[in-house]
Amino acid sequence: MSAQKDCEFLVKKARELVSVDSCAAKAWLITARTLYPTDFNIQYEMYTIERNAERTAPAGRLLYDMFINFPDQPIVWREIGVITAALRSDSQDKHAQFLRGLFETLPGRVQCEMLLKATEQCFNTLEKAEMLLLLLKRFPESVVQHGLSLGETLLDAEASENVDTPVNCFRKLFVCDVLPLIINNMDIRLPASLMQKYILKAAEFYIGYVTRGPSADGQLQGSQDSGKLKSPSMSRGSQRYVIDGLSEKSSLVADPWERLLELLAVVGVRCEWQGDKGQRSFVDMLQRMKELCRYLPGLDGETRSRYCSQVVICGALTLFRSAFLYVSAVQPALFQGASGASSGPWILVEDLSSVYSDVDLDKGPVKHAQKKRKQADGREKTMSSDDEEGLGKGRGRHILVSKTEMPNWSETLEGFRAARESWDLLHSHDALEAEFKKICASWKTDSWLWFRIFLTDMIVFQGQYRKALSSLHQMSAVQQHQPGQQSPSGQGSLEHHRVLIQQASCHYALGEYRMACEKLLDVVSGLIPPNQDQTKAPEDHNRVRSKSRKGNDLRLLPCTNKAVLPFCFQLMLACFKLRAFADNRDDLSLGHVVVLLQYDWPQGEMLFLKSVDKIYHQGSFQYENFFNYVTNIDMLEEFAYLRTPEGGRIQLELLPNQGMLIKNPSPALGVELNTLLLQGVQRMDRHHTVTRGITKGVKEDFRLAMERQVSRCGENLLSVLHRFCINEKIIIIQSLP
Amino acid sequence: MGDIRQSLLPRDVLSAAKELLYHLDIYICNLVQSGRQPPQVDSKTLDLIEEFILHAPKDRNASARRMSALQELQLLEIMCSCFQEQSRDTVRQLMFSALFGLQGNAADESRMALLGKLVSMAVAMGRVPILECAATWLQRTHRVYCVRLAQVLVDDYCSMVPGSVPTLQNIHSASPRFCCQFITAVTTLYDLTTEELTPPIELLQMIVSWIQEDPRLVLITFLNTPLTGSQPINSLDVTPLGGLVRWCVKAPLAYKTDKKQTPTHERSENVPEVGPLFSTLHLSVLQVLMLLPNILNEKGLFGRMGLLQLDSLAALTSELSRLLDQADKHAHASAADAHAAPQLALDRLAQALQVAKANGALLCSREDMRAICSRLPHNNLLQLVLSGPVMYYNNIHTPPLAFSPHAAHSPIASHPALPTHAAHSPIASHPALPTHAAHSPIASHPALPTHPAHSPHTPLAALPASHAPYPAQPFITGMPFPFRPNH
């Protein structure tokens, strides 16, 4: 017989009724509440009925009453916990939406108080932060009080939780949610050093986010989603990315670079950076930094250090952003969400499209310089001298690229340029370099594969080939230890090719032809020759431009079968060309050149005629592989003519060594071809036995070989040349210095 | 204006009526403009109205002129547009009372007949000005006539033409004032005593939906009426609350008997059950009551004006008690079922009493409530309400003082001594006294299971003298709530 018993009775009655007649249940509770206005259970029961019926307004009203009248009830807190959890989540289910709507019906003051108290009761740092963030977003006036401490809490949490990447949940909340609130609030006093620390935290996060690799999870999910029908690039596009501890929705960061730029603009204003107004893009920023740099030597003290910070921060951001632009075009597979469908990797190599031009014209500064230097310094060259020379060569180089194959070529090259200029800017003063190095060290940029790719290409561009080679060497080592970086679509071998080809290009540039060819032939052995027609079209693009240039240019080469193979032929041609036309006789090199000139015929017609001329002057020519690899009808005619009296009765020893052919029937050759060749050989054998030693018989052999060769004119030239590379690999390499 | 009679006489009925309306309009406009207070339509004019519009027999031997049905319809249309076009509220209002204000004479019947048709037409055509005038009329007129007007509308819209309910439904948005008055009249009309006086289900549904949608609707008249304190005698209540409470309380029994008497009646399939409707309505009534404290405080009327009258509630309880007696006699069928309806009725009564009292709609003491409920059978909630709440923190506030002298006595011993008949004791408790807050120490005693022989007030010597009579009452000591529900 007590108030409590009364209340229990009333609540029990309402509970019995609620499923049968909710109006009656409510009537009971209304009555009960007028009897015992201070009883919690009655009000909670009323609230429960409305909440279960998802009636937003009455439930909100009752929650408000409970919050005001029973602030110490654990049940109220449990309820508030459920509601704030719904606020934090991005669940779209009906109940979560109802709970959010419920919260919205509460007066702002109560919302604020609720969130604060709910935060106090939260022990998980992340949850607590999210809760406090809800508060800060809704009630901007609370930012002054709680903003900074929330930010520091998140940064502390990141440090103490030993997360291994800047793209983690704490940093995400800090950078994307808390930081904008803090720095846009002018009531909060922020020392410049703190703001610089914050903007660097933000930059590290955004860069890490943008350059995140395709996650193993994502790939798994992607391939499950798309099944076997879709291409790997499709599944890569559908990858989902989740930051550990966050939901999928809140793991998503829209327009990261723009947001970073916005933050930077605010920081710039607050730090009173020079001429920071109207800074709208990274390109503008670079320009601005260049101007500022000019004043730097004349400054000292605090002004100087402020200028320095500004230049280093802005310069570094421009560098990373531009380098990312470049690398994301050159190596899209490195990054999650990159549109890998458009193109595979691209390789920055020496431009060899002028290889068919005359040797005299083509004796580029590279080779001459190298030769001279070799004589002067001997084989052992120090890095520094290489660098000196490289810096000089970096100027005025052009990068050629097929515009149809790389639609965003101008953006890409512009990114490369801006990144190089930023890099130079950051290394233009000791003070800048020191600060920049600090940033790099704290971000561990050494471990960023993508950035190393940029740096390597930059070094190549600067002509520091020796340095580039060691960088490439390291990179291939890193790649082999990072299977995760390789996508499942054979991208791995492409990556490997990429490195080898770039190494070959560097070796070539250094005059190390044997190394160059060795690397190249490694690549070629892994390629399958495509149909001849496919390779023709893209080659035509650079021709006009390349004619006007010296052999000093670079080229972005798509890392595909059809582009790589021609490049290999060109590079080999370039390697042998000098030797072939040197004053001393080198029939083997000249023969290789003739074989290689077949590709892209009649581009090399001029050089071929030069070869013929040389043979004519020599009076004889020995190249036993001739009939194996020369199928060009024009060339065959020319050689046939050379033997005639009108042609000068040149002694041509072009017949293949019988022993060699039988010894090395290459498995790469087609069965028919082998049979064909062997038949020929057998036939010739017979002739030899009959007509040994008789000139007429030799003539007959040559004629027959020629006839047979003419019938091979329709053969796929790429297959022939590919076979040449594979079968003659040892001879080719050995014949180079 | 009397002099125009001669010009009206030769005309035919319709044009005479038209002419008179025209002159009436001018006359009242002048009247209002003259600023005479209060503007009073003179008796000659009223006579003309009776003669030429209502066609009441002027004297016994003169037979009244009659209008054909068509002429009457035309007249109604003219009147409709007349009110519609009159832009000044005062003029319109005066004209309406000149035409339809009851004069206590033989013409009143014609007046009521014409009014019924006019309002019905206004409902159909959504003529808001007429509905507003009718609302005022419903406030000033004797409830008997109000009920008659309501009856006309219910007949027209709920009974006569099926499917015309939605038209009536619209008055809620057209004229909330009229709607509110209509509800009051309807709840007055249908007192659930007989089947004829049971509201048609369509009407019930309509009212429930109105109030559910906007509970404040039932307070519109109250909110809009300046409190002159001089409500016309025998006019309708200022709110329908009393009537609605009566409906809800009696419904379980009224519809019960109704059903029993006509088990084969065709009201079954597509007609919804009334139970949930009344349940909803009852909740709405309680919710309206909950709105009252703020409204009353704003008007400075809290504790000074009750919207529910004790005597009408007394009438309700005695009716209820009679119904329950009847139900008792019929209740030989299923015992459980027979028990449920009376308990529901009593639950609702208890809820209405408690919520009304707590929110200042009912100004009386628990003593008074006990008095009017004394003849009702036992109901847990009703007993709880009649005794009032156990004061909450009394144990904290008056602990050892209250307990010490009796602690030695077995507290349990008192329980068996509880006489169940005590349920009828009107003075089971006093916490409901208006000033009970001051008595919190007394309130504690209900909870004290003291020995029956003991005076419960021994530990409370400090009580004001005014409470001295209590111990003298045949009070069941220590058990102020013997009838508490058996939790």
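Scroll up to find the structure this text is about.
Now for a quick tour of the structure. Keep in mind that what you see is a predicted model, and the values were worked out from it rather than measured.

Some details on the packing of aromatic side chains
All names here are of chain A.
- On inspection of all chains with the given rule, the structure shows 40 aromatic pairs over all chains.
- With a centroid separation of 5.6 Å and 85° between ring planes, the pair formed by W601 and F608 is classed as edge-to-face. Exposure class is identical for W601 and F608. Each is buried.
- Of note, R420 hangs over the ring of F416, and the distance from its end group to the ring centre comes to 4.7 Å.
- Over the ring of F461 we find R420, and its NZ or CZ is 3.7 Å from the ring centre.

Re the nonpolar core
- Among the nonpolar cores identified, the biggest contains 300 residues, and A:W450, B:F178 and B:F182 are the most heavily contacted of them.
- Ranked by residue count, the leading element in this core is helix α16 (residues 301–330) of chain A, at 16 residues.
- Viewed by domain, this core spans two of them, domain 1 (156–272) and domain 2 (279–579) of chain A, each represented by three or more residues.
- In terms of nonpolar packing, the next biggest core, distinct from the first, is built from 71 residues, A:L565, A:F576, A:V595 and A:W601 among them.

Concerning the environment of B:L168
All names here are of chain B.
- Here L168 lies in helix α9 (residues 165–169).
- A sequence separation of 12 residues divides L168 from D156, and the C-alpha atoms of the two residues are 9.4 Å apart.
- For L168, the residues in contact, after removing those within four places along its chain, are V123, Y157, C158, F182, M206 and W210.

What to know about the pairing of strand β1 (residues 346–350) of chain A
All names here are of chain A.
- Burial within β1 is extensive, with 5 of its 5 residues counted as buried.
- Where β1 lies against strand β3 (residues 554–558), 5 bridges are found, and the strand directions are antiparallel. Opposite W346, over in β3, you have P558 as the bridge partner.

With respect to the interface of chain A and chain B
- Contact with chain A, which involves 22 residues of that partner, is made by 29 residues of chain B.
- When chain A packs against chain B, the two sides together hide about 2,200 Å² of surface, and 71% of this comes from carbon and sulfur.
- Across the chain A-chain B interface, the total number found is 0 salt bridges.
- Scanning the region where chain A abuts chain B turns up 3 residue pairs in polar contact (both at pLDDT 80 or more).
- Looking at the side of chain A that touches chain B, the elements that each hand over two or more residues are α1 (3–18) and α2 (22–35) of chain A.

Rules and cut-offs
- Residues numbered from 1 in each chain as written.
- Chains lettered and ligands numbered in written order.
- Predicted model: local features only at pLDDT ≥ 70, side-chain atom pairs only at ≥ 80, totals over all residues.
- Heavy atoms only, no water.
- Phe/Tyr/Trp six-rings, centres within 6.5 Å; stacked < 30°, edge-to-face > 60°.
- Buried < 20%, exposed > 50% of the residue type's maximum accessible area, 1.4 Å probe, protein only.
- Lys NZ or Arg CZ within 6 Å of the ring centre and 35° of its normal.
- Core = buried A, V, L, I, M, F, W, Y, C linked by side-chain atoms within 4.5 Å.
- Helix = DSSP H or I, 4+ residues; strand = E, 2+ residues; numbered from the N terminus.
- Domains from an automatic or database assignment.
- Contact = heavy atoms within 4.5 Å.
- Pairing = 2+ DSSP bridges.
- Buried area = accessible area lost by both parts, 1.4 Å probe.
- Salt bridge = Lys/Arg side-chain N within 4 Å of Asp/Glu carboxyl O.
- Polar contact = N/O pair within 3.5 Å; in protein donor to acceptor, adjacent residues only side chain to side chain.

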